[in-house]
Amino acid sequence: MSLCILCFGNLVYGWTFLVKGQKLQNRRLLKLPKKHMMWLLGFEPSIDRKPQRRRLLQSYAIASHKLPLHGYQVHRKIPLVSSSLTCCPKILRVFKLEFRLLTMASNASNGEHKATKPPPTPSPLRNSKFFQSNMRILVTGGAGFIGSHLVDKLMENEKNEVIVADNYFTGSKDNLRKWIGHPRFELIRHDVTESLLVEVDQIYHLACPASPIFYKHNPVKTIKTNVIGTLNMLGLAKRVGARILLTSTSEVYGDPLVHPQPESYWGNVNPIGVRSCYDEGKRVAETLMFDYHRQHGIEIRIARIFNTYGPRMNIDDGRVVSNFIAQALRDEPLTVQAPGTQTRSFCYVSDMVDGLIRLMEGENTGPINIGNPGEFTMIELAETVKELINPNIEIKMVENTPDDPRQRKPDITNAKKLLGWEPKIKLRDGLPLMEADFRLRLGVAKKA
Ligand SMILES: O=c1ccn([C@@H]2O[C@H](COP(=O)(O)OP(=O)(O)O[C@H]3OC[C@@H](O)[C@H](O)[C@H]3O)[C@@H](O)[C@H]2O)c(=O)[nH]1
């Protein structure tokens, strides 16, 4: 592999990698400190203002003789192996990153899903930030249940700056109160169905109501959020050259006929049902992600999230775990929706966040299932909540809603193999952690 750099004075205008006969080119303005330029060129850069001489003499190219040099002069060859660049680690970092971005276009990133273009050039800001090893990260839906836990984890890294965009439809500022005012944190009231202009390196795109009662409340808005919201975030990723992760859902499998569900299963979804604003919406969002990847080279990641629970879920969120815990604490009957034999697999939120970050940081586009394969019927879940939280409570069978999936369990072979991820927290250990948070928020003390 060899590298050709076009530069003038201490400004680099672009570079070309030659790998196995293939050229990977990028145009990018990069200002390097003089000492780095000297190291690259092997002599001190000088600027000659006369245009012809500028082209012939002072526009230096460092290249293999195999590369067409567009009329630039060859000064020396640099084989791009670590040993030749280790003396200048900052430059090595920039070109390694650049090389990774460019090879993405030529390598198959997900089996047959090949990008036809290299990823868009990251903003100059991102470039300079790599010298400080900083990442500016946008989390849409960051005031929500999973989003706020993700923000906590990202903020633990002192090199991250986090921007949250949330319209507070289901999220709450309260979930982020410990970060408000922090110099590395910014909170914007923003609806993703409108475009957003920010300079970021990574986008975690979570924004969308996730509880069936909320997403069915305004289905047109839900599908707009999934389709227009994802289009807007992909447009942003394209403009600033950011990597984008979509939190898709196990609902893309609909009422699955394959059990457990591997990522290769195409699903069994009702396209005109009451849940389709969400499940079909997320399916379109996945399509958009892959089309932007194939057509524009955008770096994408897709997580298919299975049922998740933990502290900060909305108390009256309507989902089964939050419902059962709130009911148990309020001494109300646990409402099992008929027939009660339908199954779900519940993942504790810290495991979920860990999986999302691994996916973002790794090299696989996905889609990858992130969920806990421990599978329970709703009757079993009610009995567990009763046993752990309130043994005197009644379990009551109530009517179900249309199109409720009868079974759901993730096949996490890919997550284990590709991300080295698997959940650590069992349902019986996670429920008491959520109970403690609900007790605090409901003001219900534990009986002695
Ligand atoms: O009070 C209740 C609430 C729900 N249920 C049952 O519990 C099961 C789970 O329902 P939930 O509302 O918690 O969530 P669902 O599994 O239907 O949807 C979820 O799927 C995965 C995620 O992407 C989403 O967060 C959410 O859409 C359903 O079978 C439902 O009928 C009850 O038995 N009692």
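Residues numbered from 1 in each chain as written. Predicted model: local features only at pLDDT ≥ 70, side-chain atom pairs only at ≥ 80, totals over all residues. Heavy atoms only, no water.

## Observations regarding the overall build of the chain
- Counting its secondary structure elements, the chain contains 14 helices and 18 strands.
- For the chain, contacts bridging at least 24 residues in sequence account for 76% of all contacts bridging at least 6.
- Accessible surface, the chain as shown: approximately 20100 Å² in total, 54% of it carbon and sulfur. (Helix = DSSP H or I, 4+ residues; strand = E, 2+ residues; numbered from the N terminus. Contact = heavy atoms within 4.5 Å. Areas by Shrake-Rupley, 256 points an atom, 1.4 Å probe, with all protein chains shown as cover.)

## Quick look at helix H6 (residues 145-156)
- Compared with the 16 Å implied by 1.5 Å per residue over 12 residues, the 18 Å span of H6 between its first and last C-alpha is a close match.
- Most of H6 is tucked away: 10 of the 12 residues are buried.
- Of the residues making up H6, those classed as buried are Phe145, Ile146, Gly147, Ser148, His149, Leu150, Val151, Asp152, Leu154 and Met155. (Expected span 1.5 Å × (residues − 1). Buried < 20%, exposed > 50% of the residue type's maximum accessible area, 1.4 Å probe, protein only.)

## Focus: the confidence of the model for the chain
- Of all residues in the chain, 73% have pLDDT values of 70 or greater, and the mean over the chain is 84.
- pLDDT under 50 marks residues 48-87. Its contacts with residues more than four places away, or in other chains, come to 90 contacts.
- The low-confidence segment residues 105-109, where pLDDT is below 50, has 8 contacts with residues more than four positions distant or belonging to other chains.
- The ipTM value of the predicted complex is 0.98, and its pTM value is 0.78. (pLDDT = per-residue confidence, 0-100.)

## A word on the side chain of Arg184
- With respect to the helices, strands and loops of the structure, Arg184 is situated in the loop between strand S7 (160-166) and strand S8 (185-189).
- Lacking a salt bridge, the buried Arg184 has Glu158 as its closest oppositely charged neighbour, with an N-O distance of 5.3 Å.
- Arg184 has contacts with Met155, Asn157, Glu158, Asn160, Glu161 and Val162, leaving out every residue within four places of it along the chain. (Lys, Arg positive; Asp, Glu negative; His and termini not counted. Salt bridge = Lys/Arg side-chain N within 4 Å of Asp/Glu carboxyl O.)

## Here we look at the environment of Lys282
- Within the secondary structure, Lys282 is located in helix H9 (residues 276-296).
- On the accessibility criterion, Lys282 (3% relative accessible area) is buried.
- Distance from Lys282 to Thr121, taken between C-alpha atoms, is 27 Å for residues 161 residues apart in sequence.
- Beyond its immediate stretch of four places on either side in the chain, Lys282 contacts Cys208, Asn226, Thr247, Ser248, Thr249 and Val252.

## A look at the site of the ligand
- With respect to spatial proximity, 24 residues lie near the ligand, and among them Thr249, Glu251, Gln337, Arg344 and Asp404 are the closest.
- One of the side-chain nitrogen or oxygen atoms of Gln337 is found 2.6 Å away from an oxygen atom of the ligand.
- Between the ligand and Gln342, the relevant distance is 3.1 Å, taken from an oxygen atom to a side-chain nitrogen or oxygen of the residue.
- Residue assignment for the shell around the ligand shows that the elements contributing at least two residues are helix H7 (212-217), helix H10 (320-329) and strand S13 (334-337).
- Of the residues belonging to the shell around the ligand, the class tally is 9 nonpolar, 9 polar and 6 charged. (Near = heavy atom within 4 Å. Polar contact = N/O pair within 3.5 Å; in protein donor to acceptor, adjacent residues only side chain to side chain. Nonpolar A, V, L, I, M, F, W, Y, C, P; charged D, E, K, R; others polar.)

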